[in-house]
Amino acid sequence: MNLQQLKVFVCTVQSGKLSIVAKQLNIKQPTVTFHLKALQEHVGVALFEDHSGKQWILTDAGKDFYHYAQQIVSLVHESEQVMEQYRLNKRGKLQLGASETTASYILPPYLAQFQKEHNQVYISLIVNKAPIILEKVKNFELDFGVIAYGDLYDPDLMIVPIMEDELVLIMSNDHPLCKKENVAPYELTRYPFILHEKKAVSHQLAEQWMYQNKVDLNIIMEIGSIQTIKEAVELNIGIAILPKLSVEKEMREGRLFVKPLPNYVNERHIYLIYRKNQHFTPMMKVFIEYLKTSFKAM
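Residues numbered from 1 in each chain as written. Predicted model: local features only at pLDDT ≥ 70, side-chain atom pairs only at ≥ 80, totals over all residues. Heavy atoms only, no water.

(A) Representation of the overall build of the protein in the model. Along its length, the protein carries eleven helices and ten strands. Relative to a compact globule of 298 residues, whose C-alpha radius of gyration would be 19 Å, the protein shows 32 Å and is clearly more extended. On the principal axes, the C-alpha backbone points of the protein span a range of 105 × 40 × 30 Å. Once local pairs closer than 6 in sequence are excluded, the contacts in the protein between residues at least 24 apart make up 73%. Only carbon and sulfur atoms are counted for the fraction: they give 51% of the accessible area of the protein, which is about 16400 Å². For the protein, the centre of its 33 positive side-chain charges and the centre of its 33 negative side-chain charges are spaced 6 Å apart. (Helix = DSSP H or I, 4+ residues; strand = E, 2+ residues; numbered from the N terminus. Rg over C-alpha atoms; globule rule 2.2 N^0.38 Å. Contact = heavy atoms within 4.5 Å. Areas by Shrake-Rupley, 256 points an atom, 1.4 Å probe, with all protein chains shown as cover. Lys, Arg positive; Asp, Glu negative; His and termini not counted. Charge placed at Lys NZ, Arg CZ, Asp CG, Glu CD.)

As structure tokens, this is what we get:
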């Protein structure tokens, strides 16, 4: 039993005429008869009643067999359509990981536009700390990562810088430093500070900055959520060091005051990462080129 025999059988049941079956399947009518006979010999029972009068009537066994044959032919047809969609880059699944800043403040409009252009693509987005996303990409748990990080090198990964995101000071609008044009690093030690949690890249870069500038900030809180940090700063609990991209909305709305971090040499970048020698489906290739092109146009 093969797929062609099943197609011939299903078409015969549905049309009732071998000439129509031959036309639908683009084969000769004797070939249709040959496939029907071969199928019946294979299953070992009669699928049609005596058709000497050219009436192709199913036996009880034929009715039961048609139930399964029709599903098989239908599923094969559906699978062929899906594979065709893959070939035409219209369908697929993308497993993407992102750090908090990129997931919350960078990716949403790009993912929305990509989904609009490729509405049959399923996108799975996992949000976690950048080092965890790095490991998940390396361990084949994710196809891509878009993360904020300092200088980054890994021999197992392709690392594509797509944009920069500097660290800045944020404070409430009535903070004394708002009116001061230039602030020296040592002056910041007078004020309470809120930092992102220790595993966050922004925390690690803030510690590097403190070491380079020989200052020891008065850190009164470490918080895992950027949004919570911003709300705490807005309540004047302390100053924070955060990625500039994460506070642009509050800057525009006038809810927070933002100043450059003094003597800061930017080492924070947004990277697209994926494994070297990775097998890409057509849709994965489309997605990666979309991201590269979109960020290059900024």
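From this point, things continue past the structure.
(B) Molecular detail of empty space enclosed by the protein. What the rule picks out here adds up to two cavities of 30 Å³ or more. Of the volumes computed, that of the largest cavity is approximately 140 Å³. For the largest cavity, the lining is made up of 15 residues, of which Ser-99, Glu-100, Thr-101, His-196 and Val-201 are closest to its centre. If you list the elements that add at least two residues to the lining of the largest cavity, you get helix H5 (100-105) and helix H8 (201-213). Considered as a void within the structure, the second largest cavity measures approximately 40 Å³ in volume. As for the second largest cavity, its lining consists of Leu-205, Gln-208, Trp-209, Gln-212, Tyr-264, Val-265 and Glu-267. Looking at the lining of the second largest cavity residue by residue, the class counts come to four nonpolar, two polar and one charged. (1 Å grid on protein atoms, 1.4 Å probe; cavity = no way out; pocket = protein on both sides within 12 Å on 5 of 7 lines; lining within 4 Å. Points joined across faces, edges and corners; volume = space filled by probe spheres on them. Nonpolar A, V, L, I, M, F, W, Y, C, P; charged D, E, K, R; others polar.)

(C) How the structure looks around the packing of aromatic side chains. Scanning the model with the defined rule gives ten aromatic pairs in all. Members of the aromatic cluster, joined through ring pairs, are Phe-114, Phe-144, Tyr-274, Phe-280, Phe-287 and Tyr-290. (Phe/Tyr/Trp six-rings, centres within 6.5 Å; stacked < 30°, edge-to-face > 60°.)

(D) View of the sheet that holds strand S4 (residues 157-164). Read across the sheet, five strands follow the order S2-S1-S3-S10-S4 without closing on themselves; strand pairing throughout is mixed. Lying at the two open borders of the sheet, with one neighbouring strand each, are strand S2 (121-127) and S4. The average undirected angle you get between the axes of adjacent strands in this sheet is 20°. Pairing between S4 and strand S10 (residues 269-275): seven bridges, direction antiparallel. Bridge assignment links Pro-161 to a residue of S10, and that residue is Tyr-271. (Pairing = 2+ DSSP bridges. Axes fitted to C-alpha atoms, helices over the stretch in contact; angles between N-to-C directions.)

(E) Main features of helix H1 (residues 3-15). With 13 residues, H1 extends 18 Å from end C-alpha to end C-alpha; this agrees with the ideal 18 Å at 1.5 Å per step. Among the residues of H1, those classed as buried are Gln-5, Leu-6, Val-8, Phe-9, Val-10, Cys-11 and Thr-12. Capping the start of H1 is the job of one residue whose side-chain oxygen sits 3.2 Å from the backbone nitrogen of Gln-4: Asn-2. In the segment just after H1, Gly-16 is the residue with positive phi, at about 80°. (Expected span 1.5 Å × (residues − 1). Buried < 20%, exposed > 50% of the residue type's maximum accessible area, 1.4 Å probe, protein only. Polar contact = N/O pair within 3.5 Å; in protein donor to acceptor, adjacent residues only side chain to side chain.)

(F) Geometry of the nonpolar core. Ranked by size, the top nonpolar core spans 32 residues in total, and within it Ile-147, Tyr-149, Leu-169, Leu-188, Trp-209, Ile-241 and Ile-273 carry the most contacts. Of all the secondary structure elements, the ones that give two or more residues to this core are helix H7 (130-138), strand S3 (144-149), strand S5 (167-171), strand S6 (192-196), H8, strand S8 (239-243) and S10. Core analysis: the next-biggest nonpolar cluster, separate from the first, contains 29 residues, Leu-94, Leu-96, Ile-106 and Leu-245 among them. (Core = buried A, V, L, I, M, F, W, Y, C linked by side-chain atoms within 4.5 Å.)

(G) Region of interest: the packing of H1 against helix H2 (residues 18-25). Where H1 meets H2, the closest approach of the two axes is 9 Å, and the angle between their N-to-C directions is 130°. Taken as axis vectors, H1 and H2 run oblique relative to one another. The chirality of how H1 crosses H2 is right-handed. From H1, Lys-7, Val-8, Cys-11, Thr-12 and Ser-15 reach across to H2, where they touch Leu-18, Ile-20, Val-21, Gln-24 and Leu-25. Taken together, the residues that form the contact of H1 with H2 break down as six nonpolar, three polar and one charged. (Parallel < 35°, antiparallel > 145°, perpendicular 65-115°, else oblique. Left-handed = near helix turned anticlockwise from the far one by under 90°.)

(H) Structural context of the environment of Gly-62. With respect to the helices, strands and loops of the structure, Gly-62 is situated in helix H4 (residues 60-87). Accessibility expressed as a relative area gives 0% for Gly-62, which makes it buried. Here Gly-62 is in contact with Phe-9, Ala-46 and Leu-47, once residues within four sequence places are set aside.

(I) Looking closely at the sheet that holds strand S9 (residues 257-260). Here five strands make up an open sheet; going across it, the order is S7-S6-S8-S5-S9 and the pairing mixed. Every other strand in the sheet has two partners, leaving strand S7 (218-223) and S9 as the edge strands with one partner each. For this sheet the average axis-to-axis angle between neighbouring strands, irrespective of direction, equals 35°. In this sheet, S8 lies alongside S6 in parallel orientation, the contact comprising two bridges. The residue bridging Ile-194 from the neighbouring strand is Ala-240, located in S8. In the packing of H8 onto the sheet, the strands contacted are S5, S6, S7 and S8, and the crossing angle to S6 comes to about 135°.

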